[in-house]
Amino acid sequence: MIPISKVANSIEPSLIRSIFNLAKQMDDVVDFTLGDPDVQPHTAIKEAACDAIRAGRTRYSQNAGLLELRQTISKYYMRQEGFQYDPVTEIMVSVGAMEGLYLAFLSILNEGDEVIIPAPYYVNYVQMVQMCHATPVIVDHPDKEELSFSIEDVEKAITPKTKALIINTPSNPSGKIIPQEKIEALAALAKKYDLTVISDEVYKCLIYDNTHFRSIVAIEGMRERTVLINSLSKEFCMTGYRIGYVLAPAELIAAMTKLQENVAACAPLPSQYAAIEALSGKEDYSKNMVDIFTERRNVLYEGLKDVPKLRCHAPEATFYMMVDISQTGMTSLEFAHALLKNAHVAVVPGIAYGKSCDKYVRIAFTLEADRIREGVKRITNYMHSI
């Protein structure tokens with residue numbers, strides 16, 4: 001029998017995948033678990049990948065990614081955000097945003113370092129930090145702010161061992177954007193205590209009702225201490241292409257590139273060519289995404305907002321909605337299992353995102369509107385039955 005490492009044994013399968021796997025064993029389930037949109041990438045993006053394969057561009061690229069793609073990302077950020085990053089030294093292409101996150105952690109963390117993770121948080125942050133032999137410090141106080149955190153609690157969590165702070169805005173799972181005054185306060189803490197900020201911004205492409213978003217990088221003094229993580233998975237619905245990227249100071253990108261050589265070598269080459277097309281600016285290939293998901297959000301919200309014992313708010317961004325199920329008297333895990341068993345609807349237990357989320361379930365509105373309506377109908381019938 002092969003002995004398994006302490007790190008591997010410490011990692012728990014996510015509740016998202018647990019419910020997803022249970023749903024796959026059942027017939028006719030409305031599956032609201034994964035943030036994997038059913039919308040296809042634009043035809044031009046798919047053709048760019050196919051053209052690369054047909055032309056034999058299927059080998060390795062530089063560890064940091066094709067220079068042409070890094071140049072395209074640099075131009076994209078200048079065009080979209082007004083941020084200037086050197087494509088040679090300050091940008092790296094990763095195998096999805098998740099690998100970019102992991103390599104960033106691996107590059108800055110030593111054993112015993114601490115990373116502050118405000119709740120609600122993306123489920124993989126905690127375990128990625130643990131995989132780097134560092135300590136995740138969860139800021140999770142359910143009585144303070146609903147589906148948010150206080151600056152005071154973040155500052156109280158800082159110790160001499162604190163190395164970094166990770167933020168996810170717009171947020172998975174809450175669908176909220178961290179307000180600008182709170183972003184400025186976090187930036188002040190980062191400068192005061194000399195912290196690195198990892199800013200996961202993969203959902204900045206899905207913002208509704210003209211809500212304002214501005215990256216922490218835009219604040220003076222933050223560019224040199226911020227690791228900006230993004231992806232093509234959500235903006236262009238390219239989840240399976242596995243293309244993410246990181247914008248950061250040159251010394252960190254150099255370290256991450258060394259690690260990349262030993263982890264995955266490089267991102268898939270046909271996917272990199274598809275990413276060049278997506279980000280090229282020739283056409284706004286994601287322009288219809290906000291309209292599609294606005295409709296789906298509205299269908300879900302209007303369908304659930306008056307259902308007995310449920311409470312919800314239309315999210316500001318992302319394709320997730322958190323639904324308060326506390327009036328049922330069930331924990332989020334109990335509710336998710338009961339809903340799956342009795343109504344064949346799969347949702348994610350909120351406890352996956354922190355203690356303060358145990359009175360919620362997360363619904364991903366990544367299905368067609370008619371399928372969402374069917375899910376709403378089943379949830380409504382179930383709620384009337386209990």
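Scope of this entry: the structure provided in the associated data block. (Residues numbered from 1 in each chain as written. Predicted model: local features only at pLDDT ≥ 70, side-chain atom pairs only at ≥ 80, totals over all residues. Heavy atoms only, no water.)

### Regarding the overall build of the protein chain
Assigned secondary structure in the protein chain consists of 13 helices and 13 strands. Taken against the 2.2 N^0.38 rule, which gives 21 Å for 386 residues, the C-alpha radius of gyration of the protein chain at 21 Å falls within 12% of a compact globule. Taking all 386 residues of the protein chain together, the buried fraction comes to 57%. By sequence separation, contacts in the protein chain at least 24 residues apart represent 75% of the contacts at least 6 residues apart. As displayed, the protein chain has an accessible area near 16800 Å², and 50% of this comes from carbon and sulfur atoms. For the protein chain, the distance from the average site of its 40 positive side-chain charges to the average site of its 48 negative ones is 2 Å. (Helix = DSSP H or I, 4+ residues; strand = E, 2+ residues; numbered from the N terminus. Rg over C-alpha atoms; globule rule 2.2 N^0.38 Å. Buried < 20%, exposed > 50% of the residue type's maximum accessible area, 1.4 Å probe, protein only. Contact = heavy atoms within 4.5 Å. Areas by Shrake-Rupley, 256 points an atom, 1.4 Å probe, with all protein chains shown as cover. Lys, Arg positive; Asp, Glu negative; His and termini not counted. Charge placed at Lys NZ, Arg CZ, Asp CG, Glu CD.)

### Points about the sheet that holds strand 12 (residues 348–349)
The sheet built from 4 strands is open, its strands ordered 9-10-13-12 with antiparallel pairing. Single-partner strands in this sheet number two, and they are strand 9 (311–312) and strand 12. The pairing of strand 10 (residues 320–324) with strand 13 (residues 360–364) spans 5 bridges and is antiparallel. Each bridged residue has a counterpart across the sheet, and for D324 the counterpart in strand 13 is Y360. (Pairing = 2+ DSSP bridges.)

### Observations concerning the packing of aromatic side chains
A full pass over the atoms with the stated rule returns 9 aromatic pairs. Seen in terms of ring centroids, Y77 and F83 are 6.5 Å apart; in terms of plane orientation they differ by 20°. Their pairing is stacked. Of the residues examined, F83 reaches a relative accessible area of 8% and is grouped as buried. The ring of F20 is capped by R17, whose NZ or CZ atom sits 5.3 Å from the centre of that ring. Across from the ring centre of F149, 4.8 Å away, lies the NZ or CZ of K182, which sits over that ring. (Phe/Tyr/Trp six-rings, centres within 6.5 Å; stacked < 30°, edge-to-face > 60°. Lys NZ or Arg CZ within 6 Å of the ring centre and 35° of its normal.)

### Structural notes on the state of the cysteines
Applying the stated criterion across every chain, the model contains 0 disulfides. Cysteine C312 shares no disulfide, and the gap to the nearest cysteine sulfur, in C357, comes to 15 Å. The exposure class of C312 is buried, given its relative accessible area of 8%. (Disulfide = S-S within 2.5 Å.)

### Overview of the environment of A104
Tracing the backbone through its elements, the reader meets A104 in helix 5 (residues 96–108). If we skip the residues at most four places from it in the chain, A104 touches V227 and M256.

### Some points on helix 5
With 13 residues, helix 5 should cover 18 Å at 1.5 Å per step; its first-to-last C-alpha distance of 19 Å lies within 8% of that length. The element helix 5 is largely enclosed, with a buried count of 10 among its 13 residues. All of the buried residues in helix 5 are G96, A97, E99, G100, L101, Y102, L103, A104, F105 and I108. (Expected span 1.5 Å × (residues − 1).)

### Some details on the pairing of strand 13
Of all the 5 residues making up strand 13, 5 are buried; the element is thus mostly covered by neighbouring parts of the structure. Burial of strand 13 is two-sided: the residues Y360, R362 and A364 facing one way and the residues V361 and I363 facing the other way are all buried.

### Regarding the side chain of D113
Assignment of secondary structure puts D113 in the loop between helix 5 and strand 3 (114–118). Once you skip the residues sitting within four places of it in the chain, D113 turns out to touch I108, A134, T135, K161 and K163.

### Observations regarding the pairing of strand 10
Burial runs high along strand 10: 5 of the 5 residues are buried. Across the two faces of strand 10 the burial is the same, with Y320, M322 and D324 and M321 and V323 all buried. Looking at chain direction, strand 9 and strand 10 are connected through 2 bridges and run antiparallel. Paired with C312 across the two strands is V323, which belongs to strand 10.

### Considerations on the packing of helix 11 (residues 289–304) against helix 13 (residues 369–385)
Across the interface, helix 11 lies against helix 13 with an axial gap of 10 Å and an inter-helix angle of 15°. As the angle between them shows, helix 11 and helix 13 are arranged roughly parallel. In the packing of helix 11 onto helix 13, the handedness of the crossing is right-handed. Listed contacts from helix 13 to E295, R296, V299, L300, G303 and L304 of helix 11 are A369, I372, R373, V376, I379 and T380. (Axes fitted to C-alpha atoms, helices over the stretch in contact; angles between N-to-C directions. Parallel < 35°, antiparallel > 145°, perpendicular 65-115°, else oblique. Left-handed = near helix turned anticlockwise from the far one by under 90°.)

### Here's the deal with the environment of Y320
Summarising the element assignment, Y320 is placed in strand 10. Looking at Y320, the relative accessible area reads 2%, which means it is buried. Counting along the chain gives 41 residues from Y320 to L279, while the straight-line C-alpha distance between them is 24 Å. In contact with Y320, not counting residues within four places along its chain, are G35, N172, P173, G175, Y203, K234, P315, R362, I363, A364 and F365. Here the side chain of Y320 touches Y203 through a polar contact of 2.5 Å, side chain to side chain. (Polar contact = N/O pair within 3.5 Å; in protein donor to acceptor, adjacent residues only side chain to side chain.)

### Quick look at the pattern of salt bridges
Pairing is possible between side chains of opposite charge, provided their charged atoms come close. For the coordinates displayed, the defined rule picks out 20 salt bridges. Of the charged contacts in the structure, one is a salt bridge between E90 and R223, with a shortest N-O distance of 2.7 Å. Linking E90 in the loop between helix 4 (67–80) and strand 2 (91–94) with R223 in the loop between strand 6 (196–200) and strand 7 (226–231), this pair joins segments that are 133 residues apart in sequence. A salt bridge links R373 to D370; the shortest N-O distance between them is 2.8 Å. Within this pair, R373 and its partner D370 are both found in helix 13, separated by 3 residues, close to a single helical turn. The class of R373 is partly exposed, set by a relative accessible area of 42%. Because the salt bridges share partners, they merge into one network encompassing D28, R371, E374 and R378. (Salt bridge = Lys/Arg side-chain N within 4 Å of Asp/Glu carboxyl O.)

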